[in-house]
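Descriptive analysis of the structure
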Amino acid sequence: MSATPRSTRSKPKNPGSQSALRQLNQQRIIETLMGGPSTQAELARQTGLSTATVSNIVKIMLDSGLASTEPITSSGRRALNVRLNSNGAVAVGIDFGRRHLRVVLASLSYHVIAEESVMLPLGHQADNGIQAAVGLLEKLLRESGVDRSSVVGAGVGIPGPIDRRTGTVAQGAILPEWVGINILQHLEETLRIPVFVDNDANLGAWSEVTWGQHSGVSNLMFMKIGSGIGAGLILNGAPYYGNVGITGEIGHATIHEQGLVCRCGNRGCLETIASTTTMIELLSRGEDPPLTPADIVRKALNRDSATLRVVDDAGLAVGRALGNVANLINPEVIVVGGPLAGLGDILLDPIRRGLIRHAVPVIGETTILTMSSLGDRAEALGAAALVFQHAGIRKP
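First things first, this report covers the structure right here in the doc. (Residues numbered from 1 in each chain as written. Predicted model: local features only at pLDDT ≥ 70, side-chain atom pairs only at ≥ 80, totals over all residues. Heavy atoms only, no water.)

1. Focus: the overall build of the protein
Note the cut-off: Helical segments are the DSSP runs of H or I of at least four residues, strand segments are the runs of E of at least two, and each set is numbered from the N terminus. The atom set for the radius of gyration is the C-alpha atoms, and the globule formula is 2.2 Å times the number of residues raised to the power 0.38. The buried label goes to any residue with under 20% of its type's maximum accessible area, the exposed label to any with over 50%, and the partly exposed label to all in between, with areas taken from a 1.4 Å probe on protein chains only. Working rule for contacts: check all heavy atoms of both residues, and any pair within 4.5 Å makes them a contact. Computed with the Shrake-Rupley method and a 1.4 Å probe, the accessible areas treat only the protein chains shown as cover for residues. When charges are counted, Lys and Arg contribute as positive and Asp and Glu as negative, whereas His and the chain ends are disregarded. Think of each charge as sitting on NZ of Lys, CZ of Arg, CG of Asp or CD of Glu.
Counting its regular elements, the protein contains 13 helices and 15 strands. Relative to the 2.2 N^0.38 estimate, which gives 21 Å for 396 residues, the radius of gyration of the protein is 23 Å and therefore close to what a compact globule would have. Taken over the C-alpha atoms alone, the protein extends approximately 75 × 45 × 40 Å along its principal axes. Burial statistics for the protein: of 396 residues in total, 52% are counted as buried. Summarising the internal contacts of the protein: among those between residues at least 6 apart in sequence, 64% fall at separations of at least 24. In the form shown here, the protein has an accessible surface area of approximately 17,600 Å², with 48% of it arising from carbon and sulfur atoms. Measuring between centres, the 35 positive side-chain charges of the protein sit 6 Å from its 34 negative side-chain charges.

Written as C-alpha cells, this is what we have:
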C-alpha cells in the first residue's frame, strides 16, 4: 500500500568484503523470490547479477535449506525453478515499549518461528533499547537455527508519533528520551538490514487485518490502552497516516477541561484518566512495590471492588472518546488491545456503554467492539507483517 512508510537502505559494514557482497547479493535474490518462484535466468535478469553469481548463491541457499528447485520448461528449454522454503525468508518484528521489548521471527507463511520479550528500565535511552533489540534478535536467530542472510527486513513499532517527513520520533512519545532521534537511521545502521518504522498502534491495526480475525474488514480502528493511549486506523483497506504521519493520538482527546495536566501540556486528556499509568497510581496507594498492568488484570478478575471501579471509570472515558471518533469515520470494527486485553468484558462493557452514549445511535448500534485476540503480541506481529507487505507478500 502506498500509504506505508518507505525504508532507506543502510550500507553494510566492510562493504567491499567478499562475505558482505555475497550476503547483499543473496538478500537481493531472496527479495526477488518473495514475489514468487523464478528460474535462475530470470533471477539474473531481475537482480542484474551474473548467471554465475546467481548459480553460486542458489547452490548456497539449497545447501542451507533456504530454497528448493524443481525442473520446468521455460521458452521450450529445460530449466530449474527456484522457490523459497517456508523459512527461506524471515521477517523480524520488534516492539519497543516504555518498559518492555518484544522480538518475533516470522516466516513467509505467517508462522511465528521464535519470539521473546524482556523488560527494559523505565526511562531507557534509545541506544540502550536498540542494543537490547540487537542482542535479543541475535539470540533468537541462533536458537532457532535461522541464517541471518535469510532475514529480509525488520518492522519496528515505537510507542509514539513518527514524523514521516524526517523519520524522527516526534514530541508526545511515551519515551521522551527518544524524541528527535532519527530512529530509522539508527536502527538500520545497527541491525544492518532494511527497516520499516511505524507507530505501535498503527502496527496493532495492521496485525488485526493480517494475523488477526479481521482480514476482510476495510475500516477498522485499533486502540491500544497502555502507559499511553493511541489508535491505529485502517480506512478503505489501507493504513491511514494523514499529512505528516501523526494520526490516532486519541489519548490526547480532552475529556475533562479542568482535569489533570497531561504530559502533552493540555488538561484532562484521556491518558490522564484511562492509561495504565493512571490506574496504577490510583490503585498503588499503600502498595510496595507498585502494581503492574498484570496485577490490575488479576485483581479485576478476582472482583476487587476498587480495581473494578477504576477500570469502569476508565472504560467509560475511553468509550466517550471512541464515540466521537466513530461519529467521524464510522468504522466497522473497533479492536481494543494492550496489556489489559485479559480483562475481556470487564473493560469492554464500560467502553461499550460510553460508545453507545456518545455515538450517533445507528453508528453505536452497528460498530463491532471487540478485544484483540493477539494480546500483547499484536504490535510485534504487525511489525513483521509490515515487512512482508512491503515485499508484496500477503497471508496465504
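Still to come is the rest of the account.
2. Structural notes on the environment of His256
Note on placement: His256 falls in the loop between β13 (238-239) and α7 (271-274). Separated by 20 residues in the primary sequence, His256 and Asn236 place their C-alpha atoms 32 Å from one another. With residues near it in sequence (within four places) discarded, His256 still touches Arg267, Gly268 and Ile273.

3. Looking at the nonpolar core
It is characteristic of soluble globular proteins that their nonpolar side chains tend to be buried jointly. For clarity, the cut-off: Within this scheme, the nonpolar core is defined by two criteria: the residues are buried Ala, Val, Leu, Ile, Met, Phe, Trp, Tyr or Cys, and they are joined through side-chain atoms within 4.5 Å.
Within the largest apolar cluster, 45 residues are counted, with the highest numbers of intra-cluster contacts made by Ile29, Met34, Met61, Leu84, Trp211 and Leu220. Broken down by element, this core gets its largest block of residues, nine residues, from helix α13 (residues 378-390). Core analysis: the second largest hydrophobic core is formed by 39 residues, Ile250, Leu270, Leu347 and Ala359 among them.

4. A short note on the pairing of strand β11 (residues 220-225)
So the rule is basically this: Strand pairing requires that DSSP identify at least two bridges connecting the strands.
Counting buried positions along β11 yields six of six residues, so the element is predominantly enclosed. Judged by which residues are buried, β11 turns out to be covered on both faces: Leu220, Phe222 and Lys224 on one side and Met221, Met223 and Ile225 on the other are all buried. Bridge count for β11 against strand β12 (residues 229-235) is six bridges, and the pairing is antiparallel. Residue pairing for β12: Ile225 is matched across the bridge by Ile229.

5. Quick notes on the sheet that holds strand β5 (residues 100-107)
In plain terms, the rule: The convention used is that axes are lines fitted to C-alpha atoms, helices contributing only their stretch in contact, and that angles between N-to-C directions extend from 0 to 180 degrees.
With respect to topology, five strands assemble into an open sheet ordered β6-β5-β4-β7-β10, the strand pairing being mixed. Of all the strands in the sheet, just β6 (112-119) and β10 (195-199) have a single pairing partner and so form its edges. In this sheet, neighbouring strand axes are inclined to one another by 15° on average, regardless of whether the strands run parallel or antiparallel. As paired strands, strand β4 (residues 90-96) and β5 are joined by seven bridges and run antiparallel to one another. Of the residues in β5, the one forming a bridge with Val90 is Ser107. Packed on one face of the sheet, α13 meets β4, β5, β6, β7 (151-158) and β10 and runs near 140° to β4.

6. Considerations on helix α5 (residues 183-191)
The condition is simple: Here the arc refers to the set of directions running from the helix axis out to each C-beta atom.
Turning to α5, its buried residues number three or more, namely Ile183, Leu184, Leu187, Glu188 and Leu191. Across the axial projection of α5, the buried residues extend over an arc of 125°, all falling on one side. Positioned one or two residues after α5, Arg192 has a phi angle of 60°, which is positive.

7. A closer look at the environment of Pro350
Looking at the element boundaries, Pro350 is found in helix α11 (residues 345-358). Counting along the chain gives 37 residues from Pro350 to Asp313, while the straight-line C-alpha distance between them is 7.6 Å.

8. Some remarks on the packing of helix α10 (residues 305-329) against α11
Inclusion rule: The cut-offs work like this: below 35 degrees is roughly parallel, past 145 is roughly antiparallel, 65 to 115 is roughly perpendicular, and the gaps in between are oblique. Definitions for this section: a left-handed crossing has its near helix turned counterclockwise from the far helix by less than a right angle. A right-handed crossing has that turn clockwise. Ten residue types, Ala, Val, Leu, Ile, Met, Phe, Trp, Tyr, Cys and Pro, are classed as nonpolar, four, Asp, Glu, Lys and Arg, as charged, and the remainder, Gly among them, as polar.
Running from amino to carboxyl end, α10 crosses α11 at an angle of 40°, the nearest separation of the two axes being 6 Å. Between α10 and α11, the angle falls in the class oblique. Here α10 and α11 pass one another in a crossing that is right-handed. Residue-level inspection shows Leu308, Val311, Asp312, Gly315, Leu316, Val318, Gly319, Arg320, Leu322, Gly323, Ala326 and Asn327 of α10 in contact with α11, the latter providing Ile346, Leu347, Pro350, Ile351, Arg353, Gly354, Leu355 and His358. Looking at the contact of α10 with α11, its residues break down into eleven nonpolar, six polar and three charged.

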